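# Remarks on the overall topology
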Amino acid sequence: MAQVILSLSNVSKVFGGLRAVDQVSLQVTIGERRVLIGPNGAGKTSLFHCISGTHHASAGKILYLGRDITHLHEFDRTILGIGRTFQISSVLVDLTVLENIVLAILGIQKNKWQIWRHYLKIKGVESKALAQLGQVGLQGQADVFVKNLSYGERRQLELALALVNNPQLLLLDEPCAGLSPSERKNLFNLIKSLPRSITMLMIEHDMDVALGLADRVTVLHQGRVILEGDSDEVRQNPQVREIYFGQA
Ligand SMILES: Nc1ncnc2c1ncn2[C@@H]1O[C@H](COP(=O)(O)OP(=O)(O)OP(=O)(O)O)[C@@H](O)[C@H]1O
Ligand SMILES: [Mg+2]
């Protein structure tokens, strides 16, 4: 049987009186590409925050490779191999592409407090950063200020930032949101080309993108899992069609 990388048991996240995530249980196996769908406000991002440690779950348990990470700090989860992108763009626009990557690399290194040293003099940093940019097709843009990148290229950079720590589990929160059709296709192909050594959990609104990538799909509605299945099961499920597509 495939080994489980991520296991959630009855995870809830409460904001005041609102149960954004309500007793969610799910398991993702190593190498799997799982897509999380659901209407606006379903609790998808809140669930991601609980897994990445941006927020702490109000109740329930989260295991990563069998280890209880429910109460672990976000940074420690990154070190353990959980990488993520954000729904809202999180790059530093007044720095160059290379500088953004270098900061991410230094952020996870023990010598990060030597940041006053010129970053390119720190052994291996520049070559690692350039290799990372190569992986997402941005090697030619290393010296471009992020504010001058297209929106699609920014998303590529965000993907590179999430890959800096060689994550075993990658959380992608609507990576293609707001992109033009051609940018969307480009980024989607890039995500699809990532090796299976990276397990993926991706939130995606576009049904074609979601079902084109997913081995399995989890459908969230009002904080709860209402269905887990393969693409065909999700497409054909009447409750999903009703809730997600607004049609019976
Ligand atoms: N920090 C917060 N404080 C209070 N309420 C929040 C907070 N974050 C999210 N919520 C609420 O929790 C619910 C779930 O939000 P969440 O962002 O997780 O949904 P989502 O499925 O990611 O939606 P979308 O598809 O629009 O991104 C919403 O009602 C939202 O308003
Ligand atoms: Mg969201």
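Notes on the structure follow. The numbers attached to residues start from 1 for each chain and follow its sequence in the written order. For naming, the first written chain is A and the first written ligand is 1, with later ones following in the order written. Totals for whole chains, interfaces and linings use every residue, but because this is a predicted model, local features are given only for residues with pLDDT of at least 70 and side-chain atom pairs only at 80 or more, for both listing and counting. Calculation of side-chain values draws on the structure's entire complement of heavy atoms; hydrogens and water are dropped beforehand.

## Here's the deal with the nonpolar core
- Only buried residues count toward a nonpolar core. Its members are Ala, Val, Leu, Ile, Met, Phe, Trp, Tyr and Cys residues joined through side-chain atoms within 4.5 Å. Relative accessibility decides the category of a residue: with a 1.4 Å probe and only protein chains considered, values under 20% of the type maximum give buried, values over 50% give exposed, and everything between is partly exposed. Membership of the largest hydrophobic core comes to 47 residues, with the highest contact counts inside it found for Ile-37, Leu-157, Leu-159, Leu-170 and Val-234.
- A run of H or I in DSSP becomes a helix once it reaches four residues, and a run of E becomes a strand once it reaches two; helices and strands are each numbered from the N terminus. The element best represented in this core is helix H3 (residues 97-107), accounting for 6 residues.
- The residues contacting Val-234, other than those within four sequence positions of it, are Ile-37, Met-207, Leu-211, Val-217, Val-219, Leu-227, Gly-229 and Val-240.
- Core analysis: the next-biggest nonpolar cluster, separate from the first, contains 25 residues, Val-24, Cys-50, Leu-169 and Leu-201 among them. Only heavy atoms matter for contacts: two residues are in contact if any of them lie within 4.5 Å across the pair.

## Quick look at the packing of helix H5 (residues 151-163) against helix H6 (residues 181-192)
- Two numbers describe how H5 lies on H6: the axes approach to 9 Å, and their chain directions differ by 15°. By the angle class used here, H5 and H6 are roughly parallel. In terms of crossing hand, the pair formed by H5 and H6 is right-handed. Taken together, the residues of H6 that come into contact with H5 (itself represented by Tyr-151, Gly-152, Arg-155, Gln-156 and Leu-159) are Glu-183, Asn-186, Leu-187, Leu-190 and Ile-191.
- Each residue gets one of three labels, nonpolar for Ala, Val, Leu, Ile, Met, Phe, Trp, Tyr, Cys and Pro, charged for Asp, Glu, Lys and Arg, and polar for the others, Gly among them. Partitioned by chemical class, the residues of the contact of H5 with H6 number 5 nonpolar, 3 polar and 2 charged. Only the contacting stretch of a helix is used when fitting its axis, a line to C-alpha atoms as for every element, and angles between N-to-C directions run 0 to 180 degrees. Angular relationships are summarised with four words: roughly parallel below 35 degrees, roughly antiparallel beyond 145, roughly perpendicular across 65 to 115, and oblique for the angles in between. If you view the pair so one helix is near and one far, a crossing is left-handed when the near helix is turned anticlockwise from the far one by less than a right angle, and right-handed when it is turned clockwise.

Bear in mind that shape data such as this cannot, by itself, settle questions of function.
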